[in-house]
Structures are given as C-alpha cells and as structure tokens.
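Chain residues, written in single-letter form:
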Amino acid sequence: MEEHRSRNVGILIALQVAYLAWLLLFGRFMGGDEIAYKAPGREWARSGAFIAPELTGYGVWRDPKHPYEVRRGFGPPLFTFAFGLFVKVFGFNPVTSVAFDGLIHILLGWATWALARALGPRLPYEAAMIAAAATIPLTTGGRPDELGALLAMFGSAILLRSVTSGRAAAAGILFGLSGGTSLVAGIILLAWPTRAFFQKRDAGWKPLGVFLFCGTLTFAMVMTPLILITPYGLQQIWRSTRTSVSPTYRWAFEFALRYGRSHYLACCAALVIATAHAVQAVRQRDWRRWFELWIPPLAGLCALLVLLPAKYYYIWIIDLSLFAAAVCAVAMQSWRVRTRAFVVALAMLFWCAASSRFVFMSLVRATLPPDQRMTENVALLHRMIPAGSGVMTYDFWPALAGSSYRTYSTEADPPWSDVDYIILTGNGSGASGQPQTLRPEQLSYVNGHYSPIYNNLNRQPFRLGPIHTNSAWGYGPLILKRNDSAR
C-alpha cells in the first residue's frame, strides 16, 4: 500500500512541478479583476497602507485615501492580504505575481486529493491522484476563489475522516478562513460538513457547536477590521450581496458560457459518471453510497444555480468536489469492462474539451515572437515613457505598478490630467491588430485628447499546425500620449 501511495504522490508532484515550471517560464495573461484583488496587497507590502492607488475612482476605491470604501462590490480581504505577505517576502514583478497563483493552484490539487481520500479511504491511491491531476488545467488565476476553495476542502476532508471536537475546531477555523477569502466558496462547500455531521449524528451536538463557534469566530476576526474601517460597511455589504443574487438568469448564463465554458464542460465530465452511478444504484437498489458521494456537490451546484444567478462562473468550485466524487465512484463500482470503458471515455471527452483552452493558451504564450514578449516590451516602455509619468494600463500592471510611474488600471477613473500615457495590448480583443476596448465613457474622451505614438500590436493570428484562430495575443503595445492641448 505504501508503495502505491509513494508512486501516485510522485506522479502528482511531477505533474505539478511541470505545470509550475511552465507557468514561471512563459507566464500567463492577466485575469479578470486581478488588479482589483491584488493591488491593495501590493501597496500594503510597499507602504503599509491597505489601499489601491492604481484603482483610483473605481468601485471600492472611489477615494484611495479611504481603504475599502464599498460602493460597487465587496470582497473578503484574506487573499489580498496573503498576496501582500507574498510580495513582502519575494518582491513584486510579473513572475512573483503568477507564482503566487501557481502555488495556490498546486495546494488546490492537494486539497482535492485530501477530499478524495476522505471519501474513499480504502480505495486505490490512483483515484485521489487522478482527481488532483484533473484540476491542473482548470485554473482561475488572479482571483481569491481558489484559496477559499482549498481551505474549505481541507476542512471538509478533516471532518469526513472523523467527527470529533478537535477535528470540528480545525475544520471550523479553515471554513472561517475560507469565508474570509471567498464567501461563495465557503458557503457552497458547507455541504460536506453538513453531510459529515448528519452521518455521524451519534457524536452528539458538541462537535457541531464547536465547528460553528470556531468558524464564526475566525470569520469575524478576519472581517471585523475591514468592517470597522469601512464607512457604513455592513449596510454596503448587504447592498452588494443583494445585487449579487438578483435574478438576472439570462445574463448570468450568457456571461458564464463566455467566461466559464471550460468549467461547465468539466462539470459535465463528472455528471456523466454521476448518472452512470445512479443507474447502477437503481439496478442494485442501493442508493446509500450514491447519496453519500453525490448529494453534497450536487446540492452545492443547485444552490449556486438558484441562489446566485450573477455568479454562475463560480461553478468551477463545484467541479473540484465532483472530481473527487467521480473518481471514487469509478473505483468502487463493479461495472462490466465495456460499461466502465464507455463511461470513462465519455467523461474524458468532456474533460479534454474543458482542458483545451488551457492547452491552447499555453501554446500561445510559448510561441510568442520576441517582439511580443513581456520582458522586451517592458524595456521598450521604460525607454519611451519618462519616469514620473502617469500611465494607464492593464496587462502591464505587474511590471509597472510600484515603479517609477504613477500607474492606473484601465478599470480606474482617475482625473484625466493625471494620465499622461495609455498602454493597451491586443489581448482579448478578438482580432489581430485590434487593441483592447476601453469603456464607452473613456473612449469618448481618449479619442479627442490622446494620440498614438507607437503601435506594435500583434497582427499575426495564432497558427500552429491545424490549430488556428483569428485572434492574436502578445505584449506588443499601442501607446497613446495625451495631447499638449489637453493638459
């Protein structure tokens, strides 16, 4: 048994090391809202102030002198604070920014391993290894949700193993930290502790009370400082939450298909196995194991779809639990060889489709021509733009924030008199040679007051053998300079 464990642990570590090495070597493009989640931590590491100058005028940063003044949204601070600690130790640059997310993603794989082992402690170690490895291409870098999910999954694994007061305390602390990182992850994954306490009812009420007390206390310790420095914090948190659960189902579904298609396909991969397991349970008239494996993640999935229509892209949080349940179901079922092969092949088809974007974007970054790479273009920017200038950008934030420039995100709304240069890339524009779009109210001003002085947007659509697209990626910039008359 120890030999099997060592072999599977070695395989998982090798895959994760390869993933991290690739990430550090070729980097990744900026994620949605990444600056919003990381900027306060970066500034805290630099100056000790938990503020985000680069987001001046935007959302929670209407006034950068008032930390976390919630206007358009609210996010628990633990991810941002953890990023600040990481920056204090390793510094801030494009490599350390992606390394922080990469290390969290590796820990997420081990959380999936722990959950799978807790669900099937007597099953072969191959099941846990496959579940953990399946998470590698399903990343959401730059957001707090992965950190929140892994904390809650480790807490779930602790309770599923055994329900005691000590384990309940540890799990409660982890869930409190999870909620202080990502409210959605912490709440959705409560389905696993609920199963554990229900299944071990004979343990009495004490472990449940310990879990709730430790979880609530930990969450309060994380959130209270933030609420105290937030004007009318609780009232604005409530308004933000109410906005998040508004019944905008059609918009949410279209948004999720656009930005979360991979995670929906991954969910389908696990649901194929869940359906096959249900058919087997009907034939054998034994639903106990099916309910134990599938009800918690399916309950979380239903809660997400019904209660959080504006958060459909969070479905990937459920994928991790579904993977753990799926590998356990395959390992424990006595299917005939043809049935097992068909079910696994169909699930693999969906998983491969879900992983295709990760593979595709990895190839894009690895094959960028020299004039489209980050390092070369950062050096160019420093040659062309005088120190002390106000620069608005998004993709170059990891390289320019905290440097000799006053850096603003393209999501921000600073006074235009503070913005001397605007730097755009073509990433995400959908067409070669086309720059990223600005908001309509920004465009109306920029078109009349800024002029292009340099344009090296990638005009060569990506093509590698039979793989081709109309889009072009890279860090070749379009640099706009404010006209003298606009000063």
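No experiment lies behind these values; they were computed from the predicted model shown.

1. Digging into the sheet that holds strand β3 (residues 421–424)
Here five strands make up an open sheet; going across it, the order is β2-β1-β3-β7-β4 and the pairing mixed. On the outer flanks of this sheet lie β2 (406–409) and β4 (450–455), each paired with one strand and no other. Along the sheet, successive strands turn relative to each other by an average axial angle of 25 degrees, direction set aside. The pairing of strand β1 (residues 390–393) with β2 spans four bridges and is classified as parallel. Bridge pairing links V391 to T407 in β2. Helix-sheet contacts for helix α19 (residues 440–449) involve β1, β3, β4 and β7 (478–482), and the interaxial angle to β4 is about 80 degrees.

2. What to know about the packing of aromatic side chains
The description of two aromatic rings rests on the distance between their centres and on the angle between their planes. With the rule as written, the count across this model stands at 22 aromatic pairs. Between the aromatic rings of F92 and W397, the centroid separation amounts to 5.0 Å while the plane-to-plane angle is 65 degrees, which identifies the pairing as edge-to-face. Residue F92 is found in the loop between α3 (78–90) and α4 (94–119), and its partner W397 is found in helix α18 (residues 397–400); the two are separated by 305 residues along the sequence. Judged by its relative accessible area of 0%, W397 falls in the buried class. On the numbers, 5.6 Å between centres and 90 degrees between planes, the contact of W290 with F291 is edge-to-face. Relative accessible area serves as the criterion here: at 11%, W290 is assigned to the buried category. A relative accessible area of 42% places F291 in the partly exposed class. Members of the aromatic cluster, joined through ring pairs, are F79, F83, F86, F90, F92, F100 and W397. Just above the ring of W44 sits the side chain of K88; from NZ or CZ to the centre is 4.9 Å.

3. Examining the pattern of salt bridges
A full pass over the atoms with the stated rule returns 16 salt bridges. E43 is paired through a salt bridge with R46; the nearest N and O atoms lie 2.7 Å apart. Taken as a pair, E43 and R46 lie in helix α2 (residues 34–47) at a separation of three residues, close to a single helical turn. Across the pair R406 and D420 runs a salt bridge, and its minimum N-O distance is 3.3 Å. A residue pair is termed long-range when its members are at least 10 positions apart, and R406 in strand β2 and D420 in the loop between β2 and β3 qualify at 14 residues. The structure contains a network of salt bridges with shared partners spanning R28, E34, K38 and D101.

The rules behind the values
- Residues numbered from 1 in each chain as written.
- Predicted model: local features only at pLDDT ≥ 70, side-chain atom pairs only at ≥ 80, totals over all residues.
- Heavy atoms only, no water.
- Pairing = 2+ DSSP bridges.
- Helix = DSSP H or I, 4+ residues; strand = E, 2+ residues; numbered from the N terminus.
- Axes fitted to C-alpha atoms, helices over the stretch in contact; angles between N-to-C directions.
- Contact = heavy atoms within 4.5 Å.
- Phe/Tyr/Trp six-rings, centres within 6.5 Å; stacked < 30°, edge-to-face > 60°.
- Buried < 20%, exposed > 50% of the residue type's maximum accessible area, 1.4 Å probe, protein only.
- Lys NZ or Arg CZ within 6 Å of the ring centre and 35° of its normal.
- Salt bridge = Lys/Arg side-chain N within 4 Å of Asp/Glu carboxyl O.

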